[in-house]
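A structural walkthrough
Residues per chain, in single letters:
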Amino acid sequence: STEPDSVASEAGPAPTTAPKPRSRPNPKSSRSIIDTAQPLSEMNDFANILYCGDPGTAKTTDLAAMANLGPIIVINAEGGLRKGALRKRGINVENVRVLPEKPEDLTYEYLDRLHLKIKLALEDEPGSIVGVVWDSVTEITAKLLDNIVDEANIKAIQENKDRDPFFTDIADYGTMGKQVRKLVRRYRDLDCHFGVSALLKRDKDDDGKVIYQPDII
């Protein structure tokens, strides 16, 4: 009879080898992972600081005091750095490096490239830059949003379309938010201190309770 053969054919070919048992981790390999991992006791503790307050509350001065530890880079978006005032407060202004050179250079692309330059400099010479300061994130977010709107206006002109030059689309805020979050994460993860100043915003919730938070568009 051919029935057994036909049944086997319908069910598919029988396995020729037994499945291999799953291999267990090599204890020596596991120990090597522990040996190569950096002990917490040997890691540097870098500060990530947000100074939030009204104008004139010494946010910039307090962050600039980081220069007494070594060279720092300040993103001077507010234009509020004054060497005379900082010297009076005992801050080593010789260690303060101010960027960008021109206000119009403050773009997402500029800040992204600067992050990479700082990262590479710290890899080549750890400790060569003690910290980075954003003064302020309020002004930086406003500038990034302006750049996005400007690009939309230029595109409209090129396409011969009418567009209110002061109009800001809801999507523009979303793009700006993504840019800021990405930049903050990158600067936060640098092997140096990271300080940010922000103006203070006061809002009220539905119950009339006053809420204080950084003024970020």
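Note that this is a predicted model, so its numbers are computed, not measured.

As a further point, take the packing of aromatic side chains. A complete count under the given rule lists three aromatic pairs for this structure. Where W134 meets Y187, the ring centres are 5.3 Å apart and the plane angle is 65 degrees; that geometry is what we call edge-to-face. Here Y187 lies in helix α7 (residues 170-188) and W134 lies in strand β4 (residues 131-135), a separation of 53 residues in the sequence. Comparing W134 with Y187 shows no difference in burial state: the two are buried. Each member of the aromatic cluster is reached from another via a ring pair, and the members are W134, Y187 and F194.

Each pocket or cavity is described by its volume, and for the largest pocket that value is around 300 Å³. What lines the largest pocket is a set of 19 residues, among which G56, K59, T60, T61 and G80 lie closest to the centre. Those elements giving two or more residues to the lining of the largest pocket turn out to be α3 (59-64), α4 (83-88) and β5 (193-204).

Another aspect to go through is the pattern of salt bridges. The full count for this structure, using the stated rule, is six salt bridges. For E94, the salt bridge identified is with R87, shortest N-O distance 3.2 Å. Since its relative accessible area comes to 45%, R87 is described here as partly exposed. With its nearest N and O atoms 2.9 Å apart, the salt bridge here joins R188 to D189. Note on R188: relative accessible area 38%, which makes it partly exposed. On the basis of relative accessibility, which here comes to 52%, the residue D189 falls in the exposed class.

Before going further, it helps to spend a moment on a positive patch on the surface. There is a patch of like positive charges on the surface, built from K178, R181, K182 and R185. Take K178: it is sitting in helix α7. Residue classification places K178 among the exposed residues on the basis of a relative accessible area of 60%.

The next thing to look at is the environment of K201. Mapped onto the elements, K201 comes out in strand β5. On the basis of relative accessibility, which here comes to 25%, the residue K201 falls in the partly exposed class. Spatially, the C-alpha atoms of K201 and P214 are 5.7 Å apart, while their sequence positions differ by 13 residues. The residues contacting K201, other than those within four sequence positions of it, are I211, Y212, Q213, P214, D215 and I216.

When glycine is set aside, most residues are seen to have a negative phi, and most peptide bonds are trans. Between L99 and P100 the backbone carries a cis peptide bond, its omega angle lying at -5 degrees. Tracing the backbone shows P100 in the loop between β3 (96-99) and α5 (108-124). Across the junction of D135 and S136, the peptide omega takes the value 5 degrees, indicating a cis bond. Relative to the helices and strands, S136 resides in the loop between β4 and α6 (137-158). In this structure, A58 is a non-glycine residue whose phi angle is positive, near 70 degrees.

Cut-offs used in this document
Residues numbered from 1 in each chain as written. Predicted model: local features only at pLDDT ≥ 70, side-chain atom pairs only at ≥ 80, totals over all residues. Heavy atoms only, no water. Phe/Tyr/Trp six-rings, centres within 6.5 Å; stacked < 30°, edge-to-face > 60°. Helix = DSSP H or I, 4+ residues; strand = E, 2+ residues; numbered from the N terminus. Buried < 20%, exposed > 50% of the residue type's maximum accessible area, 1.4 Å probe, protein only. 1 Å grid on protein atoms, 1.4 Å probe; cavity = no way out; pocket = protein on both sides within 12 Å on 5 of 7 lines; lining within 4 Å. Points joined across faces, edges and corners; volume = space filled by probe spheres on them. Salt bridge = Lys/Arg side-chain N within 4 Å of Asp/Glu carboxyl O. Patch = residues over 30% accessible without salt bridge, like charges linked within 9 Å, V, L, I, M, F, W, Y side chains within 5 Å. Areas by Shrake-Rupley, 256 points an atom, 1.4 Å probe, with all protein chains shown as cover. Lys, Arg positive; Asp, Glu negative; His and termini not counted. Charge placed at Lys NZ, Arg CZ, Asp CG, Glu CD. Contact = heavy atoms within 4.5 Å.

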